[in-house]
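Reading the structure
Residues per chain are reported as follows:
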Amino acid sequence: MGVTSVVKIKADQGAEDGLDELVALARMIAYARQVAQDVKLQFATNCLDLALEAVKQEVGEGLTKELAELSSPVPQVSVRSH
């Protein structure tokens, strides 16, 4: 295994760790959204819906099965910076 192979393995591991962190963040946002909805904080629920959709877009299509249970009523919109 050469130096470039080691670098690629570390880069792949870093990307995987980043996706794991985004999935964990999405779960935390989904939990906070549910709590806000339970206590009838509509504005907070709407803001958390937007945050959840932004994280799901950042994760991309690769992990849609893991995030399927974290759905919110917000339609898909683009929140990417220009």
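Owing to the predicted nature of the structure, the values given are computational and were not obtained by experimental measurement.

**A look at the overall build of the protein chain**
Helix and strand content of the protein chain: 3 helices and 0 strands. Starting at the N terminus and ending at the C terminus, the protein chain contains elements arranged as α-α-α. Going through the 82 residues of the protein chain one by one, you find that 23% of them count as buried. Long-range pairs, those at least 24 residues apart, make up 44% of the contacts in the protein chain with a sequence separation of at least 6. When the accessible surface of the protein chain is totalled, it reaches about 6,200 Å², and 61% of it is carbon and sulfur.

**Some remarks on the pattern of salt bridges**
Following the criterion strictly, the structure yields 2 salt bridges and no others. Between Asp49 and Arg33 there is a salt bridge, and its shortest N-O distance comes to 2.0 Å. In this pair, Asp49 sits in helix α2 (residues 42–59) while Arg33 sits in helix α1 (residues 3–38), placing the two residues 16 residues apart along the sequence. Assessed through its relative accessible area of 3%, Asp49 is described here as buried.

**Brief notes about a nonpolar patch on the surface**
On the surface, a cluster of nonpolar side chains totalling about 400 Å² of accessible area is made up of Tyr31, Val35, Val39 and Leu41. Note on Val35: relative accessible area 37%, which makes it partly exposed.

**Some points on unusual backbone geometry**
For Lys40, which is not glycine, the phi torsion reads 60° and is therefore positive. The residue Lys40 is located in the loop between α1 and α2 in this model. Residue classification places Lys40 among the exposed residues on the basis of a relative accessible area of 73%.

**Concerning the nonpolar core**
Judged by nonpolar contacts, Ala26, Ile29, Ala30, Leu52, Val55 and Val59 together constitute the single largest core of 6 residues. Listing elements by their share of this core, those giving two or more residues are α1 and α2.

**Notes on the environment of Asn46**
With respect to the helices and strands, the residue Asn46 is situated in helix α2. Note on Asn46: relative accessible area 36%, which makes it partly exposed.

**Some details on α2**
Taking 1.5 Å of rise per residue, 18 residues should cover 26 Å, and α2 covers 26 Å from first to last C-alpha, within 8% of that figure. Taken together, the buried positions of α2 are Thr45, Asp49, Leu52, Glu53, Val55, Lys56, Gln57 and Val59. At the exit of α2 stands Gly60, carrying a positive phi of roughly 90°.

About the criteria used
Residues numbered from 1 in each chain as written. Predicted model: local features only at pLDDT ≥ 70, side-chain atom pairs only at ≥ 80, totals over all residues. Heavy atoms only, no water. Helix = DSSP H or I, 4+ residues; strand = E, 2+ residues; numbered from the N terminus. Buried < 20%, exposed > 50% of the residue type's maximum accessible area, 1.4 Å probe, protein only. Contact = heavy atoms within 4.5 Å. Areas by Shrake-Rupley, 256 points an atom, 1.4 Å probe, with all protein chains shown as cover. Salt bridge = Lys/Arg side-chain N within 4 Å of Asp/Glu carboxyl O. Patch = residues over 30% accessible without salt bridge, like charges linked within 9 Å, V, L, I, M, F, W, Y side chains within 5 Å. Core = buried A, V, L, I, M, F, W, Y, C linked by side-chain atoms within 4.5 Å. Expected span 1.5 Å × (residues − 1).

Purely geometric stuff here, so don't read any function into it on its own.
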